[in-house]
Amino acid sequence: LHVASTEALTHYKWHPKRGNIATDEIGILPQIEGLLVHDYWKPYYKYSCGHGLCNAHNIRELTGIFELTGQKWAQEMIDLLLEIKKRVDEQKQVSETLDPDEIADFEKRYVAIVAQGYLDNPPPEHVKKRGRKKQGRARNMLNRLSLHHHEILVFMRDFRVPFENNQAERDIRMMKVKQKISGVFRSARGADMFCRIRSYISTARKNSVPAFEAIKAALDGNPFVPEL
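Bear in mind the structure is a predicted one, so any value in this text is a computation, not a measurement. (Residues numbered from 1 in each chain as written. Predicted model: local features only at pLDDT ≥ 70, side-chain atom pairs only at ≥ 80, totals over all residues. Heavy atoms only, no water.)

A. Region of interest: the packing of helix H2 (residues 55-69) against helix H3 (residues 72-91). Running from N to C, H2 and H3 point in directions that differ by 155°, and their axes come no closer than 8 Å. It follows from the interaxial angle that H2 and H3 lie roughly antiparallel. For the pair H2 and H3, the crossing hand works out as left-handed. Residue-level inspection shows Asn 55, Ile 59, Leu 62, Thr 63, Ile 65 and Phe 66 of H2 in contact with H3, the latter providing Lys 72, Trp 73, Ala 74, Gln 75, Met 77, Ile 78, Leu 81 and Leu 82. (Axes fitted to C-alpha atoms, helices over the stretch in contact; angles between N-to-C directions. Helix = DSSP H or I, 4+ residues; strand = E, 2+ residues; numbered from the N terminus. Parallel < 35°, antiparallel > 145°, perpendicular 65-115°, else oblique. Left-handed = near helix turned anticlockwise from the far one by under 90°. Contact = heavy atoms within 4.5 Å.)

B. Here's a closer look at the packing of aromatic side chains. By the definition in use, this model includes four aromatic pairs. With a centroid separation of 6.2 Å and 80° between ring planes, the pair formed by Tyr 40 and Tyr 45 is classed as edge-to-face. On the basis of relative accessible area, Tyr 40 is assigned to the buried category, the value being 19%. In this structure, Lys 85 is placed above the aromatic ring of Phe 163, and the distance from its NZ or CZ to the ring centre is 5.8 Å. We note Lys 178 situated over the ring of Phe 194; from NZ or CZ to the ring centre the distance is 5.5 Å. (Phe/Tyr/Trp six-rings, centres within 6.5 Å; stacked < 30°, edge-to-face > 60°. Buried < 20%, exposed > 50% of the residue type's maximum accessible area, 1.4 Å probe, protein only. Lys NZ or Arg CZ within 6 Å of the ring centre and 35° of its normal.)

C. The packing of H3 against helix H6 (residues 149-157), seen in detail. It is at 9 Å that the axes of H3 and H6 come closest, and there the two elements cross at 25°. By the criterion of interaxial angle, the relationship of H3 to H6 is roughly parallel. Seen from H3, the contacting residues are Leu 81, Ile 84, Lys 85 and Val 88; seen from H6, they are Ile 152, Leu 153, Phe 155 and Met 156. By residue class, the composition of the contact of H3 with H6 is seven nonpolar, no polar and one charged. (Nonpolar A, V, L, I, M, F, W, Y, C, P; charged D, E, K, R; others polar.)

This is the structure:
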């Protein structure tokens, strides 16, 4: 099940594939011209839109690394990301951006933590085997933090970008509850109908239209259509 959502819109669609074959056929992600916030799943990078990485996912990864290795840089990065989020949330009340010097200081600290992480996790020794060297969980995370620096901190530079992709997580939650209680569908048509109806109801609720009212309007031939 694939979901694409904003604060005002929800779209569900099932597909037998999980990657770009599915998202291309669904047709929403290929047309995005703004910024897509996601969990670092590589197929999303096929699309030429802007990208932001979910920091809830990043913090979970960093927490796992700290608990597994005890390396302080991982906890320091968690603390820094949460500190930046707190500062952004405070500043949103009075301004549309952080002070440039404050941004520069946060970025300097970010780079220093990543550098310490690399010192704590040197490259693996050469092994005479074919294929790419195995990096290890900590070093893979450091590579993400380094190579995708801008996508991780984009919420700091642009207050319109959320800190995480919890919107999509919340939108998928009800579908998982349905799966646990009722199981799977017996036909593709049933799944199609369910996704279409749930997309409509979720979108209506996001726009403060009660589900019963939205369903009645649709049956009366005058469905709710959100203003874009």
